[in-house]
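Structural description and commentary
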Amino acid sequence: MRNSYTLTIGNVTRKLPLVWVSEELQIASFVILGDAEIVVEAASLISDKLPDADFLVTAEAKGIPFAHEVAKLKGMPRYIVARKSVKAYMDEPLVANVTSITTQKKQTLVLDGPDAALLSGKRIILIDDVISTGDSLRALEALVTEAGAEVVARAAMLAEGDAAARDDILYLEKLPLFPAE
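Glancing now at the overall build of the chain. Within the chain one finds 4 helices and 11 strands. Each of the three principal axes of the chain carries a C-alpha extent, and together these read 50 × 35 × 30 Å. Per-residue burial for the chain yields a buried fraction of 48% across its 181 residues. Considering only intrachain contacts with a sequence separation of at least 6, the fraction spanning at least 24 residues in the chain is 61%. Carbon together with sulfur atoms contributes 49% to the accessible area of the chain, which is approximately 9,000 Å² in total.

Looking now at helix H2 (residues 64-73). Turning to H2, its buried residues are Phe66, Ala67, Glu69, Val70 and Ala71. On its buried face, H2 sits against helix H1 (36-46), strand S4 (55-59), strand S8 (123-131) and strand S9 (150-160). One or two positions beyond H2, positive phi appears at Gly75, with a value near 70°.

A few words now on the sheet that holds strand S2 (residues 12-20). Taking strand neighbours across the sheet as the criterion, the 4 strands line up as S1-S2-S3-S11 in an open arrangement whose pairing is antiparallel. Across the chains shown, the open sheet's two edge strands, defined by having one partner strand only, are strand S1 (4-9) and strand S11 (177-179). The sheet shows a mean angle of 25° between the axes of neighbouring strands, taken without regard to direction. Contacting S1 and S2, H1 runs over the sheet at an angle of about 110° to S2.

Counting 32 residues, the largest nonpolar core has Tyr5, Ile9, Phe30, Phe66, Val70, Met157 and Leu158 as its most contacted members. Residue assignment for this core shows that the elements contributing at least two residues are S1, S2, H1, H2, S8, S9 and strand S10 (170-175). Here this core gets 5 residues from one element, more than from any other, and that element is H1. If we ignore the near neighbours within four places in the chain, the residues touching Phe66 are Ile32, Val39, Ala42, Ala43, Ile46, Ile127, Asp128, Ala156 and Met157.

The next thing to look at is the packing of aromatic side chains. Applying the stated criterion across every chain, the model contains 1 aromatic pair. Ring centres of Tyr5 and Phe178 lie 5.7 Å apart, and the angle between their planes is 55°; on these two criteria the pair is classed as tilted. You can see Tyr5 sitting in strand S1 and its partner Phe178 sitting in strand S11, a full 173 residues away along the chain. The pair Tyr5 / Phe178 is uniform in exposure class, with both members buried.

All chains considered together, the criterion is met by 9 salt bridges. Several salt bridges share partner residues, and in doing so they unite Arg14, Asp35 and Glu37 into one network.

Across the sheet, which stays open at both edges, the 5 strands sit in the order S5-S4-S8-S9-S10 with parallel pairing between neighbours. Each edge of the sheet is formed by a strand with only one pairing partner; in this case those strands are strand S5 (80-82) and S10. Sheet twist, expressed as the average angle between the axes of neighbouring strands with direction ignored, equals 25°. Relative to S10, S9 runs parallel, the two sharing 5 bridges. By the bridge assignment, Leu158 is partnered in S10 with Glu173. Seen against the sheet, helix H4 (residues 135-146) touches S4, S5, S8 and S9 and runs at an angle of roughly 160° to S8.

Cut-offs applied
- Residues numbered from 1 in each chain as written.
- Predicted model: local features only at pLDDT ≥ 70, side-chain atom pairs only at ≥ 80, totals over all residues.
- Heavy atoms only, no water.
- Helix = DSSP H or I, 4+ residues; strand = E, 2+ residues; numbered from the N terminus.
- Buried < 20%, exposed > 50% of the residue type's maximum accessible area, 1.4 Å probe, protein only.
- Contact = heavy atoms within 4.5 Å.
- Areas by Shrake-Rupley, 256 points an atom, 1.4 Å probe, with all protein chains shown as cover.
- Pairing = 2+ DSSP bridges.
- Axes fitted to C-alpha atoms, helices over the stretch in contact; angles between N-to-C directions.
- Core = buried A, V, L, I, M, F, W, Y, C linked by side-chain atoms within 4.5 Å.
- Phe/Tyr/Trp six-rings, centres within 6.5 Å; stacked < 30°, edge-to-face > 60°.
- Salt bridge = Lys/Arg side-chain N within 4 Å of Asp/Glu carboxyl O.

So this is what it looks like as structure tokens:
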């Protein structure tokens, strides 16, 4: 039985442990938090492939370092993060609900009102570490669309499973799923 998957992005290779997300399915656990080397490499490879835009928008939490590095490379002084809950400081937040493959429970994505106002009428790139089912991406797109933004690209380091067949996302590498044998 296989217990890891070797992933290479550009000149960086990582051995990812396989973890069970259900009785029938394992995924390669790809966690970029704290891995500056892979974030910098991936950002350098994807930034030139992205169209011009006013802002990058990502969901909390694993997309944040990637969005940060891509924003730096594209000369963007700011990017927007949809939070996982409504915070006390938020003014007129926009809220969407989603269930992702990694959490397997209902999550909330929240766009603070002032951030939504910044996005109104702007060209946006949605960016994340991994796109799998696309549910998180759809929720994020619903938020920025409600804010009045135009999504001009959807991007990720990896496309997991069937997401790799999508023609509406930009990604660097495919990440397979591992069904029970």
